[in-house]
Amino acid sequence: GPTPPRNSAKTTKKEQPSSMVVRVDRAIVSLGSVRFEDATTDPDAAVGVDSVSVIVTGYRSMPGDTTAFKLGFHGVSGSIARSSGWVMPLEGVVHARVDVDSLQLTQFAPYLKRFAYIDVKSGKVAVHGDMHLVAAPQKDPVVDFAGDIVSDDLKLYVSLKNQDLFGYKRISILKAQAKSLPPAARANGGR
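Predicted model only: the values in this text are computed from it and were never measured. (Residues numbered from 1 in each chain as written. Predicted model: local features only at pLDDT ≥ 70, side-chain atom pairs only at ≥ 80, totals over all residues. Heavy atoms only, no water.)

Draft legend 1. Highlighting the packing of aromatic side chains. Summed over the entire model, instances satisfying the criterion amount to one aromatic pair. Taken together, a centroid distance of 5.9 Å and an interplanar angle of 75° make the contact between F166 and Y168 edge-to-face. By relative accessible area, which is 46% here, F166 ends up partly exposed. The cationic tip of K121 hangs over the ring face of Y157; the distance from NZ or CZ to the ring centre is 4.9 Å. (Phe/Tyr/Trp six-rings, centres within 6.5 Å; stacked < 30°, edge-to-face > 60°. Buried < 20%, exposed > 50% of the residue type's maximum accessible area, 1.4 Å probe, protein only. Lys NZ or Arg CZ within 6 Å of the ring centre and 35° of its normal.)

Below you can see the structure in the form of structure tokens.
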């Protein structure tokens, strides 16, 4: 996984922290599940994940300290997601390897219907890459991504006209690079 920066906030006997320090050497959550239903959409949006596994190591509530993590879960629609990396919790920094397979786009259809008479009949996405996120307080988040994005079997349908709108068998965006500040994107095509 990504290598965290060396801790710059070392304390010595002369420089004790002014407040209590929380330390967690290792925390594990396994075989958990999460269900989320959003009744603000029509129809209701529902998302669920099973076999949730989270491992957090080396957490200290000190500025500049890094915490390693591993995350994994299976979506009820067949998706599989894994991520590992490090965070600097107090600074809002995350650096992670992200691997997502078979993410079903149909679960996002209720949100798309809020803006247009479009229904997602089918489609799935796989994402494999490295992400760096900085979400400091009172600042716009900065996101950098480098990796591959593959989408299969997308079919969009216009419910107002009862007809197909758009679709494809497969789109591959290989060696993609994107960043939010300044906004930029670069990609190589695939089959």
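Draft legend 2. Representation of the pairing of strand β2 (residues 45-60) in the model. Inspection of the sheet shows strand β1 (residues 23-38) paired to β2 by twelve bridges, in the antiparallel sense. Residue D38 lies in a different strand from β2, and its bridge partner there is A45. Hairpin remark: β1 followed by β2, antiparallel, with six residues in the connecting loop. In this structure, β2 lies alongside strand β3 (residues 67-75), joined through seven bridges in antiparallel fashion. The residue bridging S53 from the neighbouring strand is G72, located in β3. The loop that links β2 with its antiparallel partner β3 comprises six residues; one of these, G64, has a positive phi angle of about 85°. (Pairing = 2+ DSSP bridges. Helix = DSSP H or I, 4+ residues; strand = E, 2+ residues; numbered from the N terminus.)

Draft legend 3. Broad picture of unusual backbone geometry. Cis rather than trans, the peptide bond between D42 and P43 has omega equal to 0°. Mapped onto the secondary structure, P43 falls in the loop between β1 and β2. The linkage connecting L181 with the following residue, P182, adopts the cis geometry, with an omega of -10°. Turning to its location among the elements, P182 is positioned in the loop between β8 (163-180) and β9 (183-189). Backbone geometry at S102 places phi at a positive 60°, although glycine is not the residue there. On the secondary structure map, S102 appears in strand β5 (residues 93-104). Since its relative accessible area comes to 26%, S102 is described here as partly exposed. Residues other than glycine seldom take positive phi values, yet K175 does so here, at roughly 55°. Along the chain, the position of K175 falls in strand β8. Judged by relative accessible area, K175 falls into the exposed class, the value being 63%.

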